[in-house]
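Each chain, written out:
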Amino acid sequence: MGIPSQLTSPSTTGPPGTPPATPGRPPAPRRLPLPPLLAGLGAALIGSLLCCVGLGSSGVTWSQTLRYLWAGLSGGAIAPDEFSAYTIIWELRFPRALLAAVVGAGLSAIGVAVQAMVRNALADPFVLGISSGAAVGANAVLLFGALGSLGVWALSGAAFASALAAMLLVYAAARTPYGLTPLRLVLTGTAMYYGFSAVTTLMVFSADRGESARSAMMWLLGSLGGATWASVPIAAAAVAGGLGYLLWSARNLNALAMGDETAAALGVDPDRMRRRLFVVAAAVTGAVVAVSGAIGFVGLMVPHVTRMLVGADHRRVLAVAPLLGAVLLLWVDIVSRLLLAPVELPVGAITAVIGVPCFVLLMRRRGYTFGGS
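Residues numbered from 1 in each chain as written. Predicted model: local features only at pLDDT ≥ 70, side-chain atom pairs only at ≥ 80, totals over all residues. Heavy atoms only, no water.

A.B. asks: Looking at this structure, I do not really get the nonpolar core. What am I missing?
C.D. replies: In globular proteins that are soluble, nonpolar side chains generally tend to be buried together. Residues Val103, Leu246 and Leu277 are the most contacted members of the largest nonpolar core, which totals 96 residues. If you tally residues by element for this core, the top one is helix H3 (residues 83–118), at 21 residues. Beyond its immediate sequence surroundings of up to four residues, leucine 246 is in contact with Ala109, Ile110, Ala113, Leu253, Leu277 and Leu318. Ranked by size, the runner-up nonpolar core spans six residues in total, among them Ala140, Leu143, Met203 and Ala207. (Core = buried A, V, L, I, M, F, W, Y, C linked by side-chain atoms within 4.5 Å. Buried < 20%, exposed > 50% of the residue type's maximum accessible area, 1.4 Å probe, protein only. Helix = DSSP H or I, 4+ residues; strand = E, 2+ residues; numbered from the N terminus. Contact = heavy atoms within 4.5 Å.)

Right, here's the structure in full:
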């Protein structure tokens with residue numbers, strides 16, 4: 001059931017989602033207008049995609065990069081002596097850049113949903129234990145060669161299957177006769193996270209040391225190095241479906257973020273809404289983690305930065321956060337490839353290095369309250 005627009009914002013003195021001014025509290029920061037912000041982020045996304053494809057240590061020039069991209073998109077011919085450079089651009093860098101944008105958008109959107117679902121400003125897509133569950137399946141493939149009959153689909157298939165199994169386990173443990181409560185979801189997800197992480201650690205230590213253990217650790221810290229044209233459509237479809245549902249439910253998310261009593265008074269069943277959000281968050285997180293590993297801080301930081309820019313109304317937040325997350329992860333991927341080239345750093349390590357100081361600065365910023373309430 002939709003929520004009347006005049007009831008979706010906790011503010012009566014400013015744009016949707018702006019906290020009202022109170023004595024002793026700094027006035028709320030001015031929110032940016034949405035259309036120019038979306039246009040700017042759209043342009044930044046296109047420019048970031050081109051930079052992610054064009055920047056590298058292979059010596060391919062910008063003119064060659066643009067020509068190879070056009071040849072790949074239009075089906076144009078490539079000279080035989082250029083095939084190696086064309087392969088680097090079209091088969092390696094371009095799908096990797098697209099996957100980075102998709103993963104960043106997905107993690108950011110689900111971060112917004114999870115924070116509303118559990119009403120916790122420190123929640124992110126991994127608080128439900130889905131990522132650590134996916135790690136169990138992925139490491140079974142990397143360390144022991146499980147599901148070898150699936151070929152190139154073994155890693156992503158095992159990670160997604162174990163993520164769904166983790167989702168069912170968390171749901172069964174957190175559910176009560178009275179429904180899903182935010183506190184039980186957070187506590188159960190956190191407990192399962194440590195449990196699955198312990199299983200993963202035992203698997204790493206029991207496997208033969210060498211390249212397989214290094215690959216497992218790289219995946220656990222997040223990596224886009226395995227991006228292929230086959231992995232992009234699956235992740236993109238999952239993210240697009242999840243984001244579409246969240247945008248459609250934005251007003252209900254506003255009501256849920258105000259508390260179960262307020263949501264019920266506005267005609268939203270909080271338990272049913274929380275179940276749906278849980279399924280969407282688990283499915284999107286599982287699909288994203290299956291192709292990129294566990295990349296932290298994106299789903300935690302981007303929603304807060306977005307609320308600082310546009311307020312707490314989920315209609316505005318969900319329009320901006322995916323674009324902001326996509327741009328962020330594209331540049332994180334560039335840094336991970338170039339900082340110590342030719343050695344590639346884990347993407348999750350870079351996001352943590354960036355995210356920790358940004359999070360501290362955000363906490364110290366006057367006029368901003370976490371969650372926008």
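On we go.
A.B. asks: Explain a nonpolar patch on the surface here, please?
C.D. replies: Together, Ile46, Leu50, Trp62 and Leu66 give the surface a local cluster of nonpolar side chains, amounting to about 390 Å² of exposed area. When residues of the nonpolar patch are traced back to their parent elements, those giving at least two are helix H1 (34–54) and helix H2 (62–74). On the basis of relative accessibility, which here comes to 42%, the residue tryptophan 62 falls in the partly exposed class. (Patch = residues over 30% accessible without salt bridge, like charges linked within 9 Å, V, L, I, M, F, W, Y side chains within 5 Å. Areas by Shrake-Rupley, 256 points an atom, 1.4 Å probe, with all protein chains shown as cover. Salt bridge = Lys/Arg side-chain N within 4 Å of Asp/Glu carboxyl O.)

A.B. asks: Looking at this structure, how should I read helix H11 (residues 270–292)?
C.D. replies: At 3.6 residues per turn, the α-helix brings residues three or four places apart onto the same side. The end-to-end C-alpha distance of H11, which contains 23 residues, comes to 32 Å, matching closely the 33 Å that a straight helix rising 1.5 Å per residue would cover. Capping the start of H11, aspartate 269 holds a side-chain oxygen 3.1 Å from the backbone nitrogen of aspartate 271, two or three residues further along. Of the residues flanking the end of H11, it is glycine 293, one or two places downstream, whose phi is positive at about 80°. (Expected span 1.5 Å × (residues − 1). Polar contact = N/O pair within 3.5 Å; in protein donor to acceptor, adjacent residues only side chain to side chain.)

A.B. asks: Where do I start with the packing of aromatic side chains in this structure?
C.D. replies: Two numbers describe a pair of aromatic rings. These are the distance of the centres and the angle of the planes. Per the counting criterion, the structure on display carries eight aromatic pairs. Relative to tyrosine 86, the ring of tyrosine 68 lies with its centre 6.1 Å away and its plane at 90°, an arrangement referred to as edge-to-face. One end of the pair, tyrosine 68, is in helix H2; the other, tyrosine 86, is in helix H3, with 18 residues separating them in the sequence. In terms of burial, tyrosine 68 and tyrosine 86 fall into one category: buried. (Phe/Tyr/Trp six-rings, centres within 6.5 Å; stacked < 30°, edge-to-face > 60°.)

A.B. asks: Teacher, can you tell me more about H3 here?
C.D. replies: Taking 1.5 Å per residue, 36 residues should reach 52 Å; H3 reaches 51 Å between its end C-alpha atoms and fits that length. At arginine 93, H3 shows its maximal kink, close to 35°; a proline, proline 95, follows between one and four residues later. Of all 36 residues that make up H3, 29 are buried, and the element is covered over most of its length. Two residues or fewer past H3, arginine 119 is found with a positive phi of approximately 50°. (Bend = angle between axes of the 7 residues up to and from the residue.)

A.B. asks: So what exactly am I meant to see when it comes to the environment of alanine 198 here?
C.D. replies: One can find alanine 198 in helix H6 (residues 182–206). Take alanine 198: its relative accessible area is 40%, and that puts it in the partly exposed class. Between the C-alpha atoms of alanine 198 and valine 136, which are 62 residues apart in sequence, the distance is 9.6 Å.

A.B. asks: I keep staring at the packing of H1 against helix H13 (residues 314–338) and nothing clicks. Help me out?
C.D. replies: In helix packing, the relevant descriptors are the interaxial angle and the interaxial distance, both defined with respect to the helix axes. Direction vectors running N to C along H1 and H13 enclose 25°, while the axes themselves pass 10 Å from each other. For the element pair H1 / H13, the angle class is roughly parallel. As H1 packs across H13, the resulting crossing turns out to be left-handed. Contacts between H1 and H13 involve Leu34, Leu37, Leu38, Leu41, Ala44, Leu45, Ser48, Leu49, Cys51 and Cys52 from the first element and Arg316, Ala319, Val320, Leu323, Leu324, Ala326, Val327, Leu330, Trp331, Asp333, Ile334 and Arg337 from the second. (Axes fitted to C-alpha atoms, helices over the stretch in contact; angles between N-to-C directions. Parallel < 35°, antiparallel > 145°, perpendicular 65-115°, else oblique. Left-handed = near helix turned anticlockwise from the far one by under 90°.)

A.B. asks: What is the right way to read the packing of helix H4 (residues 130–144) against helix H5 (residues 154–174) from this model?
C.D. replies: It is the contact of H4 with H5, at a shortest axis distance of 7 Å, that shows an interaxial angle of 145°. When you trace H4 past H5, the crossing you get is right-handed. Only Ala154, Leu155, Ala158, Ala159, Ser162, Ala163, Ala166 and Met167 of H5 make contact with H4, whose side of the interface consists of Ile130, Gly133, Ala134, Gly137, Ala138, Val141 and Leu142. Class assignment for the residues of the contact of H4 with H5 results in 12 nonpolar, three polar and no charged. (Nonpolar A, V, L, I, M, F, W, Y, C, P; charged D, E, K, R; others polar.)

A.B. asks: Explain the pattern of salt bridges to me, please; I cannot follow it from the model alone.
C.D. replies: When charged atoms on two side chains of opposite charge get close, those side chains can pair. If you walk through the whole model with that rule in mind, you get eight salt bridges. Of the charged contacts in the structure, one is a salt bridge between arginine 67 and glutamate 82, with a shortest N-O distance of 2.7 Å. With arginine 67 in helix H2 and glutamate 82 in the loop between H2 and H3, this pair connects stretches of sequence that are 15 residues apart. Two residues, aspartate 260 and arginine 119, come together in a salt bridge whose shortest N-O distance is 3.0 Å. Residue aspartate 260 is located in helix H10 (residues 260–265), and its partner arginine 119 is located in the loop between H3 and H4; the two are separated by 141 residues in the primary sequence. Salt bridges here are not isolated pairs; linked through shared partners, they connect Arg96, Asp333, Arg337 and Glu344.

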